[in-house]
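Coordinates in review
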Amino acid sequence: GIQVEQSPPDLILQEGANSTLRCNFSDSVNNLQWFHQNPWGQLINLFYIPSGTKQNGRLSATTVATERYSLLYISSSQTTDSGVYFCAVEGGTSYGKLTFGQGTILTVHP
Amino acid sequence: SAVISQKPSRDICQRGTSLTIQCQVDSQVTMMFWYRQQPGQSLTLIATANQGSEATYESGFVIDKFPISRPNLTFSTLTVSNMSPEDSSIYLCSVEGTGPSYNEQFFGPGTRLTVL
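Moving on to the state of the cysteines. With the rule as written, the count across this model stands at two disulfides over all chains. Across a sulfur-sulfur distance of 2.0 Å, Cys 23 of chain A and Cys 87 of chain A are joined as a disulfide pair. Linking Cys 23 of chain A and Cys 87 of chain A, the disulfide has an S-S dihedral of approximately -60° and is accordingly described as left-handed. Residue Cys 23 of chain A is located in strand S3 (residues 19-25), and its partner Cys 87 of chain A is located in strand S9 (residues 83-91); the two are separated by 64 residues in the primary sequence. Between Cys 23 of chain B and Cys 93 of chain B runs a disulfide, and the two sulfur atoms are separated by 2.0 Å. Measuring the twist about the S-S bond at about 75°, one finds the Cys 23 of chain B-Cys 93 of chain B disulfide to be right-handed. Linking Cys 23 of chain B in strand S3 (residues 19-25) with Cys 93 of chain B in strand S9 (residues 89-96), this pair joins segments that are 70 residues apart in sequence.

Here is the structure:
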């Protein structure tokens with residue numbers, strides 16, 4: 001099946017710093033999503049981005065499907081950005097099934 | 001988008017018992033998905049539940065351990081049977097969105113299960 005690798009596994013920032021999270025995938029995808037899992041376990045949808053670039057406030061994402069990677073940018077980080085960020089993809093024949101990366105644990109200190 | 005609720009939100013169970021988790025969606029959906037997240041790990045798909053047919057299980061998951069029901073287009077249940085401490089996990093259901101959000105997946109709040 002499709003492989004998803006996220007980097008870095010852990011990231012520690014001071015409030016106000018910028019960061020870039022990366023997601024590499026091993027095959028063509030129909031769907032790519034970025035999620036933020038809060039401390040209570042809830043998965044928050046950040047971006048649905050199988051290709052192209054999107055921005056939502058301090059967050060933006062870019063997926064280069066031909067090169068099989070996606071980037072999540074967080075600018076001016078806040079303590080509330082802390083948590084786990086997951087990239088998940090739906091492979092070409094997976095029909096709605098998502099394969100998740102291992103996640104990036106982000107800690108933002110005040 | 002889709003609004004998904006799960007019951008219970010958390011539970012503590014004794015080994016050898018079973019727990020049934022409910023997932024309710026605010027709109028009719030064709031497929032519902034059940035995921036497991038073991039402590040400190042990522043999410044892994046357990047099975048896909050289609051209304052009117054048997055659930056399709058992923059490698060490593062079997063119907064006897066995780067029976068699933070899908071009685072209608074807005075509801076599904078996952079049972080964790082004959083539990084052991086290794087079943088302690090967060091269990092999440094998900095669905096694809098509708099309208100402009102079609103093909104985007106949305107997740108329920110999860111059920112946090114602890115098995116003693």
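There's plenty left to go through after this.
Across the boundary between the two partners, chain B contributes 21 residues, which contact 21 residues of chain A. When the buried surface of chain B facing chain A is broken down by residue, Ser 42, Asn 103 and Phe 107 of chain B rank first, second and third, together holding 29% of it. Taken together, the links from chain B to chain A amount to one salt bridge. Here Glu 58 of chain B ties to Lys 97 of chain A by a salt bridge, and the two come within 3.1 Å at their closest N and O atoms. Across the contact surface, chain B and chain A share nine residue pairs in polar contact (both at pLDDT 80 or more). Those elements giving two or more residues to the side of chain B that touches chain A turn out to be strand S4 (31-37), strand S5 (43-50), S9 and strand S10 (105-107) of chain B. The element that contributes the greatest number of residues to the side of chain B that touches chain A is S4 of chain B, accounting for four residues. Among the residues forming the side of chain B that touches chain A, the class breakdown is 10 nonpolar, seven polar and four charged.

Definitions and cut-offs
Residues numbered from 1 in each chain as written. Chains lettered and ligands numbered in written order. Predicted model: local features only at pLDDT ≥ 70, side-chain atom pairs only at ≥ 80, totals over all residues. Heavy atoms only, no water. Disulfide = S-S within 2.5 Å. Helix = DSSP H or I, 4+ residues; strand = E, 2+ residues; numbered from the N terminus. Contact = heavy atoms within 4.5 Å. Buried area = accessible area lost by both parts, 1.4 Å probe. Salt bridge = Lys/Arg side-chain N within 4 Å of Asp/Glu carboxyl O. Polar contact = N/O pair within 3.5 Å; in protein donor to acceptor, adjacent residues only side chain to side chain. Nonpolar A, V, L, I, M, F, W, Y, C, P; charged D, E, K, R; others polar.

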